[in-house]
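# Observations on the three-dimensional arrangement
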Amino acid sequence: MPHQPEHFVLRSSLTSPFVRKVRMVAQVLGLQDRITLVPTDAADPADPLRTQNPLGKYPCLLRADGTAIYDSSVILEFLQEVAGTDRLLPARGVDRIAMLTRTRLADGIIDAGAQVIYETRYHEDGTQSERWLDYQREKILRALSAFESALPDPTHTDAVSIGLACALGFLDRRKPVAWREHFPGLVAWLPRFAQHEPAFNQTRAPDTQPA
Ligand SMILES: N[C@@H](CCC(=O)N[C@@H](CS)C(=O)NCC(=O)O)C(=O)O
C-alpha cells in the first residue's frame, strides 16, 4: 500500500493573526494542501474547540489520530518536523533562543492588542479601564520600538519575519494603536517583506470577514 501523507485539521478563523501565522508557515513549507481549515467559534460552549484545547484558544491543529497541537509556535515547530526542515527556526543553538525570543515579542504585540480589543468588546461603553488599555498599548509600542531598532531582513522568511508581519497585519486590521504614525522603519519593512513573501498577502482575511 502506498504511504498516504497525514492530513490535518486546523481549528481556525480567517481573521486570527495566530491562525495567519500557521497558514503562512504551512504555505511556505508546502503543506497547505494537507490542512483543512475548520472554522471555530471560541465563544460557543458547544464548539468542540474547548475539548480539543482546554484553553479554548485557536489555532489548534488536529492530527489524523485526533491528537491536538497548540499553540501557534508549537504548530510551527510541528509543521517543520512534518516537512523535515528547520528553515524557519533552527532546531537548536543560541540563534534559536534569540529567534524564539523575538517570535514571543511579536506574539506579545498580538496578545496585548487582543487585550485592548477584548476590554472594549466585553465591557459596556463607559466601563472600560483606560488604565488597562494604556498599559496594554504601551506594551505594543515598546515591542514595536524594539523591532524598529532591529528590523528583520525583509528579504528573508523565517519564524520572526512571519510573526512580525502577522502582528503588523493585525494592528492594521484592528487598530489598537496608531502604529503607522510612529514607526517609519516598520511601515517600510512590511511591503518589502510582503513583496518577498507572497504567503503574507495570500493569507490576508477578506475585508468582509466578520470578527
Ligand atoms: N499563544 C496562542 C494565542 C492564541 C490566541 O490567543 N488566539 C485567539 C484568537 S486570535 C483566541 O483563541 N481567542 C479566544 C480566547 O482567548 O478565548 C497562540 O500562539 O496560538
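So, here is what we can say about the structure in this document. (Residues numbered from 1 in each chain as written. Predicted model: local features only at pLDDT ≥ 70, side-chain atom pairs only at ≥ 80, totals over all residues. Heavy atoms only, no water.)

What the protein contains, in helices and strands, is eight helices and four strands. Traced from its N-terminal end to its C-terminal end, the protein shows the element sequence β-α-β-α-β-β-α-α-α-α-α-α. A globule of 211 residues ought to have a C-alpha radius of gyration of about 17 Å, and the protein, at 17 Å, matches this closely. Seen along its three principal axes, the alpha-carbon backbone of the protein occupies a region of about 60 × 45 × 35 Å. Here the protein holds 211 residues, and 45% of them are scored as buried. Of the contacts formed within the protein by residues at least 6 apart in sequence, a portion of 68% connects residues at least 24 apart. Carbon together with sulfur atoms contributes 53% to the accessible area of the protein, which is approximately 11400 Å² in total. Distance between charge centres in the protein, computed from 24 positive and 26 negative side chains, equals 1 Å. (Helix = DSSP H or I, 4+ residues; strand = E, 2+ residues; numbered from the N terminus. Rg over C-alpha atoms; globule rule 2.2 N^0.38 Å. Buried < 20%, exposed > 50% of the residue type's maximum accessible area, 1.4 Å probe, protein only. Contact = heavy atoms within 4.5 Å. Areas by Shrake-Rupley, 256 points an atom, 1.4 Å probe, with all protein chains shown as cover. Lys, Arg positive; Asp, Glu negative; His and termini not counted. Charge placed at Lys NZ, Arg CZ, Asp CG, Glu CD.)

Here we come to the side chain of Ser72. Mapped onto the fold, Ser72 is located in helix 3 (residues 72-83). On the basis of relative accessibility, which here comes to 4%, the residue Ser72 falls in the buried class. Not counting residues up to four positions away in its chain, the partners in contact with Ser72 are Phe18, Lys21, Val22 and Pro59.

Now for the pattern of salt bridges. Evaluation of the coordinates by the stated rule reveals five salt bridges. Between Asp47 and Arg11 there is a salt bridge, with the nearest N and O atoms lying 3.0 Å from each other. Of this pair, Asp47 sits in the loop between strand 2 (35-39) and helix 2 (49-52) while Arg11 sits in strand 1 (residues 8-12); the two residues are 36 residues apart in sequence, bridging distant segments of the chain. Under the relative-accessibility criterion, Asp47 is labelled buried at 9%. The class for Arg11 is buried, based on a relative accessible area of 4%. (Salt bridge = Lys/Arg side-chain N within 4 Å of Asp/Glu carboxyl O.)

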